[in-house]
Amino acid sequence: MRETNAGQWSRWSRARADRIERTEGTVAPPAGLPESDPAPDHHVWDTWPLRTRSGEIATVDGWQVLISLTAPADVTPGERHDIAEHRYFVSRDGREWTDRGPVFGDDALGTRQWAGSALYDDGDLYFFYTAAGDADTEELTYTQRLAVGHGGTLETDDGELTIEGPWSHEVLLEPDGEWYETQAQSGEMTYTFRDPWFFEDPETGRTHLVFESNTPPAADDCGGDTDQQAFNGCVGLAVSPSGDPLEWEFRPPIFDSVCVNQEIERPHIVHREGRYYLFVSSHVDTFAPGLSGYDALYGFVADSLDGEYRPLNESGLVVTNPASAPFQAYSWLAIGHGEELLVSGFCNYPDFEGVTIGELAALSGPEQRKRFAGTLTPTLRLAVDGEETWIHGTLDHWAIPSEAETLPPLDEDWSLPAGELDPEPGLTRTASRREDGPFW
C-alpha cells in the first residue's frame, strides 16, 4: 500500500509506527565503557568517517579519519550542544584512534557547529556541517543552515596525518518555507534544518545532500488533528546538477514523518543490492500523541532514491537500547561492510534506568556529568535481508574498520537476556515531550 504525502513522497504511517516494539533482533546489548578513551578530556557524540564519493571510508596513505562533535568534558551534557565543535581522530586500523584536535579554527560559521558529513574527492576536502546560532547576537539562538568548509588539506608528514587549513566557509542552503519550514514557521517544539549528508547515487551518478528538516503539513493531514500535525519531521533533498559539492538546489523531501514524529535526525543512505536504505535516529519524546517509541535507529528501504520507502522490520525500528538502559546510546550511523552493515553510535547514559530524559536534565551538573559517557559505543553488526534486519554480533567500542578488513567470525551463541526486551522502559509519555532546544 502506498504511504505518501498526497502522492509526492513517502510517509511513515501511524499504522506502521504503532507496531514499534523491542525484539531480539533490534535491541543492542548493554554497552559499558571502552577500556581506553581517545578523548578523555572531551565529550564525544555524533561521529562520521571521511568518505569518498562512492561512500566508502577514505584511506589516505593508510590512515582513516573520523570527525566528531565534541565539547570539553567539564561542561554539563546539555551545555555541550551550545559550544559544539568538530574534532578529528585518525587511525591506521579503524580501531585505535588518536585525537588530532579541532578541524576548523574560529572562522567556522555560526556560534557552534552541529553534525554533517565529510567528503574526500581526489585530494580535495569538503566538510559539510550545520552552522547553528547567530554570531551577531549575544543570546543563544537556534538558527540552522547547511554549510561547508573547503580548502583544507590532508598532510602526511613524518608518517603522521593531520588536517591543515586555511578553510573557506560557505552557507549552502537555508530553508525555503515551502518544502522546508523556516524557524519563523515552526511551532513550539524543537526546530530542525540540519545534518547534511553527502550521497552520490551509484545507479544514476547524481550528487545529493540529504538532511533533516520539517515540512509544513497540509490542513487535512492527520485527519485534521492539529496536535498530531505539529509532529512533522522530514528528510530533505538537494541536488548538485553539475556534481560540484559547492552548488546545490532544493528538491522535495524524499520522506516525512508527519503525524508520527517531530525529529528524525542524521538521515543517511546506504545503497545495497540495488536498494536504498534510509536511516534516521529519533527520540522517545518526539513521537506524536497516541504513538510510543524509543530512542532508536529507524530505517526504511526503497527501490530508488526518491522512494517509495517502506519501513524495515514492519515498524521502522532497526536498533534500540536495552530495557535496563533505555538511553544508553544515540545518533547511530550505518556503514556498508560486505554482506553486513556496521552500526556505530555514541554512548549517552549507559547506566540510567529512568523513563524520561527530562529526569536527567533535572539532576545537578556533577550528577549529569557522572552519568554521561560521551564516547563511542561498541559497533553493532547488522544483518540485512530485503526489508528485514537483525543484530547478530558486535565489535569493540570505536571500531569502524574499512571494508577491506575481514571481520572476525560471528559468535553463534550471541543472544540477549530476556529482560532486556521489556517493552515498557523508554516508551513515550505525553508529559515527557520536549518543547524547547536540545538537552539530551
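You'll find the structure just up there.
Just so it is clear, the model here is predicted, and its values are computed rather than measured.

Novice: Would you mind going over the side chain of S10 in detail, with residue names and values included?
Specialist: By secondary structure assignment, the location of S10 is in strand β1 (residues 10–11). We classify S10 as buried; its relative accessible area is 2%. Among the polar contacts made by the side chain of S10, one reaches the main-chain amide nitrogen of Y309 at a distance of 2.7 Å.

Novice: Could you give an account of the state of the cysteines, with specific residues and numbers?
Specialist: By the definition in use, this model includes one disulfide. Bridging C222 to C259, the disulfide has an S-S length of 2.0 Å. Disulfide C222-C259: the torsion about the S-S bond is -90°, which places it as left-handed. Of this pair, C222 sits in the loop between β13 (207–214) and α2 (226–229) while C259 sits in the loop between β15 (249–256) and β16 (265–272), and the two are 37 residues apart along the sequence. No disulfide involves C234; its sulfur sits 13 Å from that of C259, the nearest cysteine. Classification of C234 as buried rests on a relative accessible area of 0%.

Novice: Tell me about the sheet that holds strand β2 (residues 42–51), residues and numbers included.
Specialist: Spatial strand order, β5-β4-β3-β2-β6-β7-β8-β11: eight strands in an open sheet with mixed pairing. Of all strands in the sheet, those bounded by a partner on one side alone are β5 (98–102) and β11 (168–173). Averaged over all adjacent pairs, the angle separating strand axes in this sheet is 30°, with direction ignored.

Novice: Lay out the layout of surface pockets in plain terms, naming residues and giving numbers.
Specialist: When its volume is computed, the largest pocket comes out at roughly 520 Å³. Around the largest pocket sit 23 residues that line it, and S54, G55, V270, H271 and G336 are the ones nearest its centre. Counting only elements with at least two residues in the lining of the largest pocket, the list comes to β12 (194–200), β16 and β21 (329–337). Top element by residues in the lining of the largest pocket is β16. It accounts for five residues. A per-class count over the lining of the largest pocket returns ten nonpolar, eight polar and five charged.

Novice: For empty space enclosed by the protein, give the residues involved together with the corresponding values.
Specialist: Counted under the stated rule, the structure contains three cavities of 30 Å³ or more. Roughly 70 Å³ of internal volume is contained in the second largest cavity. Around the second largest cavity, the lining comprises 14 residues; the ones closest to its centre are T47, L333, S344, G345 and I400. Elements represented by at least two residues in the lining of the second largest cavity include exactly β2, β21 and β22 (340–347). Here the lining of the second largest cavity takes five residues from β2, the largest share from any one element.

Novice: Tell me about the sheet that holds β1, and name the residues and values.
Specialist: Hydrogen bonding along the main chain pairs the strands of a sheet, whether they run parallel or antiparallel. Taken in spatial order, the five strands line up as β1-β15-β14-β13-β12 in an open sheet, and their pairing is mixed. Unpaired on one side and paired on the other, β1 and β12 mark the two borders of the sheet. Relative to β15, β1 is paired through two bridges, and the arrangement is parallel. For S10, the partnering residue across the bridge sits in β15 and is F255.

Novice: Lay out the environment of A230 in plain terms, naming residues and giving numbers.
Specialist: Along the polypeptide, A230 turns up in the loop between α2 and β14 (233–240). It is 8.1 Å that separates the C-alpha atoms of A230 and P217, two residues lying 13 residues apart in sequence. Excluding its chain neighbours within four sequence positions, the residues that come into contact with A230 are M189 and Q262.

Novice: Which residues make up the environment of Y330, and what values go with them?
Specialist: Structurally, Y330 can be placed in strand β21. It is 31 Å that separates the C-alpha atoms of Y330 and A218, two residues lying 112 residues apart in sequence. Side-chain polar atoms of Y330 contact the side chain of H283, separated by 3.3 Å.

Novice: Would you mind going over the pattern of salt bridges in detail, with residue names and values included?
Specialist: Counted by the stated rule, this structure contains 17 salt bridges. Residues R194 and E265 are paired through a salt bridge, measuring 3.0 Å at the closest nitrogen-oxygen approach. With R194 in strand β12 and E265 in strand β16, this pair connects stretches of sequence that are 71 residues apart. The exposure class of E265 is buried, given its relative accessible area of 7%. Note that E387 is salt-bridged to R310, the shortest N-O span being 2.6 Å. Of the two residues, E387 is situated in the loop between β24 (378–385) and β25 (388–397) and R310 in strand β19 (residues 310–311); the sequence distance between them amounts to 77 residues. Under the relative-accessibility criterion, E387 is labelled partly exposed at 36%. By relative accessible area, which is 23% here, R310 ends up partly exposed. Each of R194, E212, E263 and E265 takes part in salt bridges that share partners, so that together they form one network.

Each value, and the rule that gives it
Residues numbered from 1 in each chain as written. Predicted model: local features only at pLDDT ≥ 70, side-chain atom pairs only at ≥ 80, totals over all residues. Heavy atoms only, no water. Helix = DSSP H or I, 4+ residues; strand = E, 2+ residues; numbered from the N terminus. Buried < 20%, exposed > 50% of the residue type's maximum accessible area, 1.4 Å probe, protein only. Polar contact = N/O pair within 3.5 Å; in protein donor to acceptor, adjacent residues only side chain to side chain. Disulfide = S-S within 2.5 Å. Pairing = 2+ DSSP bridges. Axes fitted to C-alpha atoms, helices over the stretch in contact; angles between N-to-C directions. 1 Å grid on protein atoms, 1.4 Å probe; cavity = no way out; pocket = protein on both sides within 12 Å on 5 of 7 lines; lining within 4 Å. Points joined across faces, edges and corners; volume = space filled by probe spheres on them. Nonpolar A, V, L, I, M, F, W, Y, C, P; charged D, E, K, R; others polar. Contact = heavy atoms within 4.5 Å. Salt bridge = Lys/Arg side-chain N within 4 Å of Asp/Glu carboxyl O.

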